Amino acid sequence: MSRHGGFTLVELIISLVIVSVIMVGLLTAMRSFGITDEKLEKRLSQADERRVVSAFLEDVLGQAMLKPRLAMVGKPEESSFVGAPDSLEWIGVMPARHGAGGLHHFRLYWAGDGRSAALMLAYLPFAGLEVLPDWNLAERRVLVEDVSGFALRYQLEDGGEWLGQWRSTVDSRQVGRVGVALAAGGAEWPLLVVPVRSLVNPGAMGRIVNGP
């Protein structure tokens, strides 16, 4: 008995199953490629953000006025460079390419509303070493959004251990490096270490202060 050409019902069902498996595999692969591409784009964006922020901080923090306010010697306001674990105030140079060149008072700090936080930079035009900045009048710039962790450390110019606080006063030692630890966007950034050079060469430099 001769057999007519074509597929049987069983063969057709098997073919459909094989095609369905192939299609599912292709869709899964395409979805995986899409997720990988999204993750790669996010990582590249985070790396670019780190590069821009790091370069900016190195510009504005790389040179600082470490000379104390002589009219306020012995007071907390004596220091023109005040480093705490979660904030830093100093006098430095704003690069002209950022729109406002020249000496400025700077404040780097972490601020949030309970739901989200950001790394902030406040700045005011320099009005003299003996003039205390009024931060209520300062302009502010968001450096990094979605910040979940932020810490600052300070190292003397001759090396040694990292310190949690620093103030420049009339003593002889001077800060040499600032370490910035930051976690943002669900990832921990590589530690940024910024060398600090003095804008002036005062006869009095700095010392460690454990309290305010």
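Refer to the preceding data block for the structure.
Residues numbered from 1 in each chain as written. Predicted model: local features only at pLDDT ≥ 70, side-chain atom pairs only at ≥ 80, totals over all residues. Heavy atoms only, no water.

Colleague: When you look at the overall build of the protein in this model, what are you seeing that I'm missing?
Modeller: When its secondary structure is counted, the protein shows one helix and 13 strands. Helices and strands appear in the protein in the N-to-C order α-β-β-β-β-β-β-β-β-β-β-β-β-β. Each of the 212 residues in the protein was classed as buried or not, and the buried ones make up 36%. Surface accessibility of the protein: about 12800 Å² in total, with carbon and sulfur atoms responsible for 58%. (Helix = DSSP H or I, 4+ residues; strand = E, 2+ residues; numbered from the N terminus. Buried < 20%, exposed > 50% of the residue type's maximum accessible area, 1.4 Å probe, protein only. Areas by Shrake-Rupley, 256 points an atom, 1.4 Å probe, with all protein chains shown as cover.)

Colleague: Mind showing me how you'd approach the pairing of strand β12 (residues 192-195) here?
Modeller: Side-chain positions along a regular strand alternate between the two faces of the sheet. By the alternation rule, side chains of β12 split into Leu192 and Val194, which are all buried, and Val193 and Pro195, of which none is buried. By the bridge criterion, four bridges tie strand β10 (residues 175-184) to β12 in an arrangement that is antiparallel. The residue of β12 that forms the bridge with Gly179 is Val193. (Pairing = 2+ DSSP bridges.)

Colleague: Honestly, the side chain of Gln155 in this entry has me stumped. Any pointers?
Modeller: By the element assignment, Gln155 lies in strand β7 (residues 147-156). Residue Gln155 is classed as buried on the basis of its relative accessible area of 11%. A polar side-chain atom of Gln155 sits 2.7 Å from the main-chain carbonyl oxygen of Gly160. At 2.5 Å, the side chain of Gln155 and the side chain of Arg177 are in polar contact. (Polar contact = N/O pair within 3.5 Å; in protein donor to acceptor, adjacent residues only side chain to side chain.)

Colleague: How should I be thinking about the pattern of salt bridges in this particular structure?
Modeller: Two side chains with opposite charge may pair up if their charged atoms get near one another. In the structure shown here, the tally under the stated rule is one salt bridge. With a shortest N-O distance of 3.6 Å, Arg107 and Glu89 are connected by a salt bridge. Separated by 18 residues along the polypeptide, Arg107 in strand β4 (residues 102-112) and Glu89 in strand β3 (residues 87-94) bring together distant segments of the chain. With a relative accessible area of 24%, Arg107 lands in the partly exposed category. (Salt bridge = Lys/Arg side-chain N within 4 Å of Asp/Glu carboxyl O.)

Colleague: Looking at this structure, how should I read unusual backbone geometry?
Modeller: When glycine is set aside, most residues are seen to have a negative phi, and most peptide bonds are trans. Here the phi dihedral of Asp146 falls at roughly 55 degrees; this positive angle occurs in a residue that is not glycine. Structurally, the position occupied by Asp146 is in the loop between β6 (139-144) and β7.

Colleague: I would appreciate a short explanation of the packing of aromatic side chains in the present structure.
Modeller: The geometry of an aromatic ring pair is captured by the separation of the ring centres together with the interplanar angle, meaning the angle of the planes. For the coordinates displayed, the defined rule picks out one aromatic pair. Sitting above the plane of the Tyr109 ring, Arg107 keeps its charged end 4.4 Å from the centroid. (Phe/Tyr/Trp six-rings, centres within 6.5 Å; stacked < 30°, edge-to-face > 60°. Lys NZ or Arg CZ within 6 Å of the ring centre and 35° of its normal.)

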